[in-house]
Amino acid sequence: MKYDNAMSTRQIDSISLPVTSPGTQRQLKVIRYGNPGARPSAYLQTALHADEIPGMLVLHHLDGLLYEADKAGNVSGAVVLVPVANPVGLSQYIRGHLSGRFELGNGVNFNRNYPNVTDEVANRVSSGLSHAADENVALIRQHVSTVVAEHPAPDEVSFMRKTLLMLACDADICLDLHCDAEAVMHVYLGTPLWPDAMDLPAQLGSEATLLAEVSGGHPFDEAAGGIWWSLAKRFPDFPIPPACLSATVELRGGRNVSHGLARRDADNLFRFLIRRGLIEGDPGPLPELLAAAMPLEGVDTVQAPCAGVVVYLKEPGDHVTAGEAVLEIVDPWSDAPDSSVTRVCSRVSGVMYSHRSDRLTRPGQTLCRIAGADPLPDRVGVNLLSD
Ligand SMILES: [Zn+2]
């Protein structure tokens, strides 16, 4: 397809990140559809962890769908795409291997530590809130944008974090597209967004939906969406709805990159945007939700009790029952064959939605995740995200 931006609302911005070493400068590329200020608005980014590739192909196909819709005059809201959200991480090649997820310079996860502006926004809006929810939403959005813009960002990665949040923080919909190691489609959402946001996992064919109000570490999706329920708690006398449907979408496993899957996912995101009023058209019937939403506190993160070779007895998408063996660890160094195999069981009944891709483990590594219905005692009140 030949893009002709002169015939469309499609605009491309390039935002330069601060120079971190002489002779290098990286950019964020931002693709925009729709008239400035149009509502509803959606923000979609991908590859925040850098080595998570499926979303890049999904946004490529979604861009094509949006372009066609735009040419037909059917983009009534505004859509912002950031198809490569982390050019810093993408540069981290070590001996031929792309090393994403953590910033090599300091070991910090790229999806943690987003600016938390709740306190400052609360200070600025406290005297201006009213009993009209839509007025409160407009007031809060205006101050969130200002306070994020004022947030100090002295280095390349903090500037990148701040810029991504700036692009997302006043959107009605914010979708952060990731992937897991080996996994089925699954979605993380803020608990206050449920069940209103059910159309997202239903349309995507998500096989697990995990809900948390605060998961710990202040990841991107909670920085964009969580401020709404934080402010609602601070100001219980005023109506403050969860005005940003913010989600982390895990597009299966890292190797699930194909035109077939990406076209299907892009088509489902496009239908979701139609249903949410950003694009004119018929979204078709909403597919049935494949699996009930579960609390993130109910996820059994199965740990390796010992070192050895991991043999999975269950695969992502399989349903397991509490007490059922989900994997074995074989110790190749064992003195006797009958003592070389350790079976590991699930603590919960539910769907195994992801497991690691490597097959050698060390004690304490999280090997797989199973979505149970009830909070597990050791998952309540703790950081729910993995490193
Ligand atoms: Zn990720």
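Rules behind the numbers
- Residues numbered from 1 in each chain as written.
- Predicted model: local features only at pLDDT ≥ 70, side-chain atom pairs only at ≥ 80, totals over all residues.
- Heavy atoms only, no water.
- Axes fitted to C-alpha atoms, helices over the stretch in contact; angles between N-to-C directions.
- Helix = DSSP H or I, 4+ residues; strand = E, 2+ residues; numbered from the N terminus.
- Parallel < 35°, antiparallel > 145°, perpendicular 65-115°, else oblique.
- Left-handed = near helix turned anticlockwise from the far one by under 90°.
- Contact = heavy atoms within 4.5 Å.
- Nonpolar A, V, L, I, M, F, W, Y, C, P; charged D, E, K, R; others polar.
- Salt bridge = Lys/Arg side-chain N within 4 Å of Asp/Glu carboxyl O.
- Buried < 20%, exposed > 50% of the residue type's maximum accessible area, 1.4 Å probe, protein only.
- Pairing = 2+ DSSP bridges.
- 1 Å grid on protein atoms, 1.4 Å probe; cavity = no way out; pocket = protein on both sides within 12 Å on 5 of 7 lines; lining within 4 Å.
- Points joined across faces, edges and corners; volume = space filled by probe spheres on them.

(A) Geometry of the packing of helix α4 (residues 133-150) against helix α5 (residues 156-168). Closest axis-to-axis distance for the α4/α5 pair is 9 Å, and the angle between their directions is 165°. Considering the angle they form, α4 stands roughly antiparallel to α5. With respect to the hand of their crossing, α4 and α5 are arranged in left-handed fashion. Contacts from S145, V148, A149 and E150 of α4 reach α5 at K162, L165 and M166. A class-by-class count of the residues in the contact of α4 with α5 yields four nonpolar, one polar and two charged.

(B) Structural context of the pattern of salt bridges. According to the stated counting rule, one finds 22 salt bridges in the structure shown. Between D119 and R234 there is a salt bridge, and its shortest N-O distance comes to 2.5 Å. Here the residue D119 occupies a position in helix α3 (residues 118-125), and R234 occupies one in helix α7 (residues 220-234), the gap between them amounting to 115 residues. Of the residues examined, D119 reaches a relative accessible area of 48% and is grouped as partly exposed. A salt bridge links R347 to D378; its shortest N-O distance comes to 3.3 Å. Of this pair, R347 sits in the loop between β17 (341-345) and β18 (350-355) while D378 sits in the segment after β20 (366-371), and the two are 31 residues apart along the sequence. For R347, a relative accessible area of 42% translates into the label partly exposed. What makes D378 partly exposed here is its relative accessible area of 46%.

(C) Summary view of the sheet that holds β17. Taken in spatial order, the four strands of this open sheet run β17-β16-β14-β19, and their pairing is antiparallel. At either margin of the open sheet sits one strand with a lone partner, and together these are β17 and β19 (360-361). Across four bridges, the pairing between strand β14 (residues 308-312) and strand β16 (residues 325-330) is antiparallel. Bridge pairing in β16 links V311 to E328.

(D) Structural context of empty space enclosed by the protein. On inspection of all chains with the given rule, the structure shows one cavity of 30 Å³ or more. As for the largest cavity, its lining consists of P54, L57, V58, L251, R252, N256, V257, S258, L261, A262 and D265. Elements with a minimum of two residues in the lining of the largest cavity: α1 (54-71), β11 (245-253) and α8 (259-275). Classifying every residue of the lining of the largest cavity by side-chain character gives seven nonpolar, two polar and two charged.

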